[in-house]
Amino acid sequence: MTQAGSVPAVPRIVHIARPVLWVNTLGPGMVGMWLAGALWQWEALPLLLWLTLPFNLLIYGVNDVFDQDTDALNPRKGSLEGALIESSEVRTIWTAVLVTNVPFLVWFAVVLSPAALAWIALYVLVFVFYSAPPLRFKGRPYLDSLSNAAYALPLVFVPHALGDTPVWPAALGLMAWSVAKHAFDAVQDIEEDRAVAITTTAVRLGPRGAGLWSGAWWAVSTLCFALVSIPVAAVNALIAGWLVVSLLRDPRPGTGHRLYRHSIAFPYVAGAVAGVQLTVALYLGLYP
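To keep things clear, this report deals only with the structure shown in the data block. (Residues numbered from 1 in each chain as written. Predicted model: local features only at pLDDT ≥ 70, side-chain atom pairs only at ≥ 80, totals over all residues. Heavy atoms only, no water.)

## Thoughts on the overall build of the chain
Here's step 1: Helix and strand counts for the chain stand at 14 helices and zero strands.
Here's step 2: Along the chain, helices (α) and strands (β) appear in the sequence α-α-α-α-α-α-α-α-α-α-α-α-α-α when read from the amino end.
Here's step 3: Its C-alpha radius of gyration of 19 Å places the chain within 12% of the 19 Å reference for a compact globule of 288 residues.
Here's step 4: Overall size of the chain, expressed as C-alpha extent along the three principal axes, is 55 × 45 × 30 Å.
Here's step 5: When the 288 residues of the chain are sorted by exposure, 52% land in the buried category.
Here's step 6: Taking the intrachain contacts of the chain between residues at least 6 apart in sequence as the baseline, contacts between residues at least 24 apart amount to 74%.
Here's step 7: Accessible area of the chain: about 12700 Å², with a carbon and sulfur share of 70%.
Here's step 8: Looking at charge distribution, the chain has the averaged site of its 16 positive side-chain charges lying 6 Å from that of its 16 negative ones. (Helix = DSSP H or I, 4+ residues; strand = E, 2+ residues; numbered from the N terminus. Rg over C-alpha atoms; globule rule 2.2 N^0.38 Å. Buried < 20%, exposed > 50% of the residue type's maximum accessible area, 1.4 Å probe, protein only. Contact = heavy atoms within 4.5 Å. Areas by Shrake-Rupley, 256 points an atom, 1.4 Å probe, with all protein chains shown as cover. Lys, Arg positive; Asp, Glu negative; His and termini not counted. Charge placed at Lys NZ, Arg CZ, Asp CG, Glu CD.)

This is the structure we're talking about:
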């Protein structure tokens, strides 16, 4: 594993921000813009840029700072699946989080509507306090999973920022989807979290229980997506069903880790189906 001290600052910051997961923030932002009725709106550009490195650095940089104990026990850290930081990097991470996020937030405060700002504020606070005390949702079973519904909030604040109304079945569906995916992905970390006394939903329920919890929320998301797009709902049901059944057949953290690469691909596949449908409909004038 490459030592943190030997890596140039900018690539290191990008690594901490986990680019492979930016689809979880930028994707909903793009879909939110399309659901507002246009293939492209320049007014959305600052929001979409913020949802790349800056906001993901906020999510994962803050998480890495407060999870150093458990990350030190986690063999996944120090790879594409997440950075393994050193205590000497904490100040640099906090500085990078502030430098990359504050200018955007100031701009939003100046130009966006109160409704958009309220949802953006909720988005930021939930992800900060997922990791940071005193709330630290990560260590509170069920709240850790439920708080990840915030990943869907770009489907709410991007339309508000563009002067449109959110498509609530899509937003609620992605909220349920995100709750499910959080618990499913946490199965692989059960042993490391338990070793440092972090009780996540996956730790509390165990691999089998977490699989059932995720399956229930993915079923809710499928029903919500069906109100917007049957093909998206069908793809969602197929992939989620396969992931859940695979875990239930062999309910161990190791199975969760083996399935994680497929879980990472899940939003790319489902998002591509949704995105292609929306872009074709917008181009042909069939939507909105």
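## Some remarks on the packing of aromatic side chains
Here's step 1: Under the definition given, this model contains 18 aromatic pairs.
Here's step 2: Measuring from ring centre to ring centre gives 5.6 Å for Phe55 and Phe127, while their planes differ by 85 degrees; the resulting arrangement is edge-to-face. Taken together, the positions of Phe55 in helix α4 (residues 53-66) and Phe127 in helix α7 (residues 114-131) put the pair 72 residues apart, joining distant regions of the chain.
Here's step 3: Ring-pair connections join several aromatic residues into one group, and the members of that group are Trp50, Phe55, Phe104, Phe108, Tyr123, Phe127, Tyr151 and Phe157. (Phe/Tyr/Trp six-rings, centres within 6.5 Å; stacked < 30°, edge-to-face > 60°.)

## Thoughts on the pattern of salt bridges
Here's step 1: Taken as a whole and judged by the stated rule, the model has six salt bridges.
Here's step 2: For Arg136, the salt bridge goes to Asp67, with nearest N and O atoms at 2.8 Å. Here Arg136 is found in the loop between α7 and α8 (143-147), whereas its partner Asp67 is found in the loop between α4 and α5 (68-71), with 69 residues between them in sequence.
Here's step 3: We classify Asp67 as buried; its relative accessible area is 1%. (Salt bridge = Lys/Arg side-chain N within 4 Å of Asp/Glu carboxyl O.)

## Here's the deal with the packing of helix α12 (residues 201-226) against helix α13 (residues 230-249)
Here's step 1: Viewed as axis vectors pointing N to C, α12 and α13 meet at an angle of 175 degrees, and their least axial separation amounts to 9 Å. Judged by the inter-axis angle, α12 sits roughly antiparallel to α13. Each of Pro207, Arg208, Gly211, Leu212, Gly215, Trp218, Ser221, Thr222, Phe225 and Ala226 in α12 lies in contact with α13, whose residues at this interface are Ile230, Val232, Ala233, Asn236, Ala237, Ala240, Leu243, Val244, Leu247 and Leu248.
Here's step 2: Tallied by class, the residues present in the contact of α12 with α13 amount to 14 nonpolar, five polar and one charged. (Axes fitted to C-alpha atoms, helices over the stretch in contact; angles between N-to-C directions. Parallel < 35°, antiparallel > 145°, perpendicular 65-115°, else oblique. Nonpolar A, V, L, I, M, F, W, Y, C, P; charged D, E, K, R; others polar.)

## Considering a nonpolar patch on the surface
Here's step 1: Among the surface-exposed residues, Leu39, Trp40, Trp42, Val276, Val280, Tyr283, Leu284 and Leu286 lie close enough to one another that they form a single nonpolar patch of about 940 Å² accessible area.
Here's step 2: Relative to the helices and strands, Val276 resides in helix α14 (residues 253-283). (Patch = residues over 30% accessible without salt bridge, like charges linked within 9 Å, V, L, I, M, F, W, Y side chains within 5 Å.)

## With respect to α7
Working note: α-helix, 3.6 residues per turn, so residues spaced by three or four point in the same direction.
Here's step 1: Under the 1.5 Å per step criterion, the end-to-end length of α7 is 27 Å for 18 residues, consistent within 8% with the ideal 26 Å.
Here's step 2: Looking only at α7, the buried set comprises Ala116, Ile120, Tyr123, Val124, Val126, Phe127, Tyr130 and Ser131. The buried residues of α7 occupy one face: seen down the axis, they fall within an arc of 160 degrees. (Expected span 1.5 Å × (residues − 1). Arc of directions from axis to C-beta.)

## What to know about the nonpolar core
Nonpolar side chains in soluble globular proteins tend to be buried together.
Here's step 1: Ranked by internal contacts, the top residues of the largest apolar core, which has 79 residues, are Trp50, Tyr123, Phe157 and Trp218.
Here's step 2: Ranked by the residues each element gives to this core, the list is headed by helix α10 (residues 168-186), at ten residues.
Here's step 3: Those residues in contact with Trp218, other than ones at most four positions away along the chain, are Trp177, Ala180, Lys181, Phe184, Asn236, Ala240, Leu243, Val244 and Phe266. (Core = buried A, V, L, I, M, F, W, Y, C linked by side-chain atoms within 4.5 Å.)

## What to know about the side chain of Ser214
Here's step 1: Positionally, Ser214 belongs in helix α12.
Here's step 2: When its relative accessible area of 0% is taken as the criterion, Ser214 is described as buried.
Here's step 3: Apart from the residues lying within four places of it in its own chain, the contact partners of Ser214 are Ala180, Ala183 and Phe184.

## Regarding helix α9 (residues 154-161)
Here's step 1: In terms of burial, α9 is largely enclosed, as six of its eight residues are buried.
Here's step 2: Taken together, the buried positions of α9 are occupied by Pro154, Leu155, Val156, Phe157, Val158 and Pro159.
Here's step 3: The inward-facing, buried residues of α9 abut α2 (23-35), α3 (45-50), α7 and α10.
Here's step 4: Directly beyond the C-terminal end of α9, a positive phi value near 75 degrees is found at Gly163.

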